[in-house]
Amino acid sequence: MTDQPKQQNQQEPKQSVFTKALITGFTSGILWSGLATIAYYFNFTEVSPASFLFRSYLQTEWTGTWLADVLAILIVGILSLVSAIIYYMLLKTKNGIWPGLVYGLVLWALIFIVLTPLFPAIPAFLDLNSDTWVTTGCLFILYGVFIGYSISYEYREFNETAKSYSNEQGV
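Residues numbered from 1 in each chain as written. Predicted model: local features only at pLDDT ≥ 70, side-chain atom pairs only at ≥ 80, totals over all residues. Heavy atoms only, no water.

**Student:** Help me understand the side chain of Thr63 in this model?
**Tutor:** Here Thr63 shows up in the loop between helix 2 (49–55) and helix 3 (66–91). A relative accessible area of 5% places Thr63 in the buried class. Here Thr60 takes part through its backbone oxygen, which lies 2.8 Å from a polar atom of the side chain of Thr63. For Thr63, the contacting residues outside a window of four places in its chain are Phe54, Arg55, Leu58 and Ala68. (Helix = DSSP H or I, 4+ residues; strand = E, 2+ residues; numbered from the N terminus. Buried < 20%, exposed > 50% of the residue type's maximum accessible area, 1.4 Å probe, protein only. Polar contact = N/O pair within 3.5 Å; in protein donor to acceptor, adjacent residues only side chain to side chain. Contact = heavy atoms within 4.5 Å.)

Put into structure tokens, the structure is as follows:
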């Protein structure tokens, strides 16, 4: 046995809010694009992440397989880092679900209305059925709320912890 007392209140090393925002971005990209792929397989939507990333530019057999869907999910996770950085830079101080909800809707409109001409495999917005509008809109809202609420919560927690430490030390 050792003579040293066990430290039961050991804390894990602190990560910066920016690092946690990146982790949140990657996780949300994987989660919500995975759910979008499942929605595509169950015909809730006419498009999937692979439709945007692969089927629009490659007319090969493998783009219709599960491998294309898995690769698309991973790529969306990586692209979601950019989305998390943008939210972190612009909206990290906003509390509640509303900023994330609006952020998700703006991303949805940007991708499905503004950027649709860049993706030849995606029908024009008005040619998509209402199931696709509702399903993808809801997924983007959930994506935005997930990113927004997580990043703003971590930012707030980090600042409150920093304030409590400075108050304890009399600063």
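**Student:** For this particular structure, what's the right way to read the layout of surface pockets?
**Tutor:** If a probe as big as a water molecule is rolled over the atoms, it shows which places are left empty. Of the pockets and cavities examined, the largest pocket occupies roughly 720 Å³. Among the secondary structure elements, those contributing two or more residues to the lining of the largest pocket are helix 1 (17–41), helix 2, helix 3, helix 4 (98–114) and helix 5 (130–168). Top element by residues in the lining of the largest pocket is helix 3. It accounts for six residues. Its residues placed into classes, the lining of the largest pocket shows 20 nonpolar, eight polar and no charged. (1 Å grid on protein atoms, 1.4 Å probe; cavity = no way out; pocket = protein on both sides within 12 Å on 5 of 7 lines; lining within 4 Å. Points joined across faces, edges and corners; volume = space filled by probe spheres on them. Nonpolar A, V, L, I, M, F, W, Y, C, P; charged D, E, K, R; others polar.)

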